[in-house]
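# Structural features, examined
Now for the letters of each chain:
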Amino acid sequence: MTKNNGRKKANRNFATRSGQRYTRARRQLASHDRTAPMQAAVADPAEVWIFEEQLHELQRLLEARGWVLSTDDEDMLDEQGCVISPEATWEYPAAYTAWQLDQNVDQGQDLDSDDEDAAPHVPLCRFSFEQNDDRGELIVVDTAGNWKGCEAHRVVHHEVPATKEGLAQLPTVLADIEEQARTLDPTALIECSTSGPCSGHIARRAAQRQTFMDWFEAMRQAYEQRLTDQQRAELHAWEEANLDGHSVATSDWPGWVPLIGAPPWRNPQWGE
């Protein structure tokens, strides 16, 4: 994972994948602020199940194979070094070692793009909080490559169930991904990001993401400056009745539409 604006990137990616609730995120941030009033956290049942049953087993398996916790997620460790949040992401730093990938290029600094995702990605492993089929929650492992790049160079997602049976399958999946990552020459990935088909994907994604961020900024300003006390109460009541931590988020509240318009990701072309 790139280090430039890494925290913003991690937050953005998680919000995109999981539909993170805006006001819940505000409350979580407030709970870490000693000057803000403490509010009781209501844990999502699926998150609790993953945490209690599988999180530490996944951590032990990955770290024994040379995977490391993302730098941006180091605050998710307790004093004993155990991960305390299922939102953690692990990286495989041995990627591209056969070619000694330049660290400046790895951080996206030498690419003609403002998009951090233009740099080749190392493999990542995380829990999925997307709405899935009857398999339930998943462990997702991403290959090395260009994030949402062209067919030849894009990151590929591999999924196993977040169960004991799924964890038993995971080493086989990891072995293939690790071998590919260690021997992969990143030259073709970088060239495609700057002048090939991947560059077109990067430009479209950057424009979409800016639209996404502009809408969320408008939502933040509307929440803080335009909503009446009654509207805030209606929003909070709607959240309590509708949010599920997966497919429904605060951005789905119908009250935003007359204020700032519909979320841009409702456009059928979003995410292409």
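The coordinates are above.
Now for a look at the structure at hand.

A few words now on the overall build of the protein. The helix and strand inventory of the protein stands at 9 helices and 5 strands. The buried share of the protein, reckoned over its 272 residues, is 43%. Surface exposure of the protein reaches about 14,600 Å², of which carbon and sulfur atoms provide 49%.

Take the sheet that holds strand 5 (residues 157–161) next. Taken in spatial order, the 5 strands line up as 1-2-3-4-5 in an open sheet, and their pairing is antiparallel. One side of each edge strand has no neighbouring strand; the edge strands of this open sheet are strand 1 (68–69) and strand 5. In this sheet, strand 2 (residues 89–91) lies alongside strand 1 in antiparallel orientation, the contact comprising 2 bridges. Following the sheet pairing, V68 is matched in strand 2 by E91. Along the sheet face, helix 5 (residues 164–183) touches strand 4 (138–142) and strand 5 and points at about 160° away from the line of strand 5.

This paragraph deals with unusual backbone geometry. Of note in this structure, Y96 is not a glycine but carries a positive phi near 65°. Residue position: Y96 is located in the loop between strand 2 and helix 4 (103–106). By relative accessible area, which is 1% here, Y96 ends up buried. Phi at K148 is positive, roughly 50°, even though this residue is not glycine. By secondary structure assignment, the location of K148 is in the loop between strand 4 and strand 5. Of the residues examined, K148 reaches a relative accessible area of 40% and is grouped as partly exposed.

Let's shift gears to the pattern of salt bridges. Considering all chains together, one arrives at 7 salt bridges under this definition. Among the salt bridges present, the one from R126 reaches D142, with a minimum N-O distance of 2.7 Å. One end of the pair, R126, is in strand 3 (residues 124–128); the other, D142, is in strand 4, with 16 residues separating them in the sequence. Residue R126 is classed as buried on the basis of its relative accessible area of 10%. What you see here is one network of salt bridges that share partners, running through E217, R220 and E224.

Now for the pairing of strand 3. In terms of burial, strand 3 is a largely internal element, 5 of the 5 residues being buried. Relative to strand 4, strand 3 runs antiparallel, the two being bridged by 5 bridges. Note that in strand 4 the partner of F127 across the bridge is I139.

The subject of this paragraph is helix 8 (residues 229–242). Along its 14 residues, helix 8 runs 20 Å from first to last C-alpha, staying within 8% of the 20 Å computed at 1.5 Å per residue. All of the buried residues along helix 8 are R232, L235, W238 and E239. An end-on view of helix 8 places all buried positions within 125° of arc, on one side of the element. Among the exposed residues of helix 8, those oriented more than 90 degrees off its buried face are D229, Q230, E240 and A241.

On to helix 6 (residues 187–195). Because each turn of an α-helix spans 3.6 residues, side chains separated by three or four positions end up pointing in the same direction. Buried within helix 6 are the following residues: L189, I190, C192 and S193. The arc that holds the buried residues of helix 6, viewed along the axis, is 165°, so those residues lie on one side.

Next up on the list: the nonpolar core. Counting 28 residues, the largest nonpolar core has L58, L62, W67, W90, I139 and L170 as the members making the most contacts within it. At the level of elements, helix 3 (45–64), strand 3, strand 4 and helix 5 are the ones that each hand at least two residues to this core. Element by element, the count of residues in this core is highest for helix 5, at 5 residues. If we skip the residues at most four places from it in the chain, L62 touches W67, W90, C125 and L174. Formed by 12 residues, the second largest nonpolar core is a distinct cluster that contains F212, F216, W253 and W256.

Take the packing of helix 6 against helix 7 (residues 197–226) next. At a minimum axis distance of 5 Å, the contact between helix 6 and helix 7 shows a crossing angle of 55°. Classified by the angle between their axes, helix 6 and helix 7 sit oblique to one another. Helix 7 is crossed by helix 6, and the crossing has right-handed handedness. Note on element contacts: helix 7 touches helix 6 through P197, C198, S199 and I202, opposite C192, S193, T194 and S195. Class assignment of the residues belonging to the contact of helix 6 with helix 7 gives a composition of 4 nonpolar, 4 polar and no charged.

Thresholds, definitions, all that
- Residues numbered from 1 in each chain as written.
- Predicted model: local features only at pLDDT ≥ 70, side-chain atom pairs only at ≥ 80, totals over all residues.
- Heavy atoms only, no water.
- Helix = DSSP H or I, 4+ residues; strand = E, 2+ residues; numbered from the N terminus.
- Buried < 20%, exposed > 50% of the residue type's maximum accessible area, 1.4 Å probe, protein only.
- Areas by Shrake-Rupley, 256 points an atom, 1.4 Å probe, with all protein chains shown as cover.
- Pairing = 2+ DSSP bridges.
- Contact = heavy atoms within 4.5 Å.
- Axes fitted to C-alpha atoms, helices over the stretch in contact; angles between N-to-C directions.
- Salt bridge = Lys/Arg side-chain N within 4 Å of Asp/Glu carboxyl O.
- Expected span 1.5 Å × (residues − 1).
- Arc of directions from axis to C-beta.
- Core = buried A, V, L, I, M, F, W, Y, C linked by side-chain atoms within 4.5 Å.
- Parallel < 35°, antiparallel > 145°, perpendicular 65-115°, else oblique.
- Left-handed = near helix turned anticlockwise from the far one by under 90°.
- Nonpolar A, V, L, I, M, F, W, Y, C, P; charged D, E, K, R; others polar.

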